[in-house]
Amino acid sequence: LKTGIIQLTNVGIESPLNIPLGKKIDTQVVMSPVHSGFEVKIYSHTSVGSWKTHATGILTVGNSEQELQVVDIEALKSRFTKRMNKEEFYSRINTG
C-alpha cells in the first residue's frame, strides 16, 4: 500500500447507521480497487439477514508531499446559518 495523504471523495450517505446503546451490530467496510484508488462502502447486517448500505465513497492516497488545502473553519461555519435536529435532517434528505 502507498503512504501519503488520504483523501475521501464522492461521499454518499445512503442511510444513517443507528447503533442503540448497548446493542451490537455487525458492520462491514469493503474496499475495492478502482482506477483512482479504492471504492469504499460501509454496510450493516440487518435483522432479516441482508446487508444494508450506509455510505459509499472513493478513497485515494496522494503524494505525502502534496500540499494540503487549508480551510478557514470559522468562515465555513458562517455559511451554515440554520441548525436542525437529526430527525429534520433525515426527513429532508429522504424526501429529496
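Read on for an overview of the structure. Just so you know, these numbers come straight off a predicted model, no measurement behind them. Position numbers for residues count from 1 along each chain, tracking the sequence in the order it is written. In keeping with the predicted nature of the model, local features appear solely for residues at pLDDT of at least 70, side-chain atom pairs appear and are counted solely at 80 or more, and the whole-chain, interface and lining totals rest on all residues. Excluding hydrogens and water, the side-chain values take into account all heavy atoms of the structure.

### Overview of the overall build of the chain
At step 1: To qualify as a helix, a DSSP run of H or I must reach at least 4 residues; to qualify as a strand, a run of E must reach at least 2; elements of each kind are numbered from the N terminus. Helices and strands together make up the secondary structure of the chain, namely two helices and four strands.
At step 2: Start at the N end of the chain and walk to the C end: the helices and strands fall as β-β-β-β-α-α.
At step 3: When we talk radius of gyration, it's over C-alpha atoms, and the globule rule is simply 2.2 Å times the number of residues to the 0.38. Here the chain has a C-alpha radius of gyration of 17 Å; the compact-globule value for 96 residues is 12 Å, and the former is much larger.
At step 4: Here the C-alpha coordinates of the chain stretch approximately 45 × 40 × 30 Å along the principal axes.
At step 5: Categorising residues by exposure relies on relative accessible area from a 1.4 Å probe, with only protein chains included: less than 20% of the type maximum marks a residue as buried, more than 50% marks it as exposed, and the intermediate range marks it as partly exposed. Every one of the 96 residues in the chain was classed for burial, and the buried ones make up 12%.
At step 6: Two residues form a contact once any of their heavy atoms are found within 4.5 Å. By sequence separation, contacts in the chain at least 24 residues apart represent 47% of the contacts at least 6 residues apart.
At step 7: Surface summary for the chain: the accessible area is close to 8,200 Å², and the carbon and sulfur share equals 54%.
At step 8: Only four residue types enter the charge count: Lys and Arg as positive, Asp and Glu as negative, with His and the chain ends excluded. All charge positions are set by atom: Lys at NZ, Arg at CZ, Asp at CG, Glu at CD. Placing the 11 positive and 9 negative side-chain charges of the chain at their respective mean positions leaves the two points 9 Å apart. Only the protein chains shown count as cover for residues, and the accessible areas themselves come from Shrake-Rupley with a 1.4 Å probe.

### Description of the environment of Ile13
At step 1: Structurally, Ile13 is set in strand 1 (residues 5-13).
At step 2: For the pair Ile13 and Ile42, spaced 29 residues apart in sequence, the C-alpha to C-alpha distance is 9.6 Å.

### Quick notes on the pattern of salt bridges
At step 1: Definition used for salt bridges: Asp or Glu carboxyl oxygen within 4 Å of a side-chain nitrogen of Lys or Arg. This model, assessed by the stated rule, comprises three salt bridges.
At step 2: The residue Lys77 makes a salt bridge to Glu74 at a minimum N-O spacing of 3.7 Å. Highlighted residues: Lys77 and Glu74, both in helix 1 (residues 73-78), separated by three residues, approximately one helical turn. Neither Lys77 nor Glu74 differs from the other in exposure class; each is exposed.
At step 3: Across the pair Arg92 and Glu88 runs a salt bridge whose closest N-O atoms are separated by 3.4 Å. Here Glu88 and Arg92 lie together in helix 2 (residues 86-94), a separation of four residues that amounts to about one turn.
At step 4: Here Glu88 falls in the partly exposed class, since its relative accessible area comes to 27%.
At step 5: Taken together, the salt bridges that share partners define one network made up of Lys82, Glu88 and Arg92.

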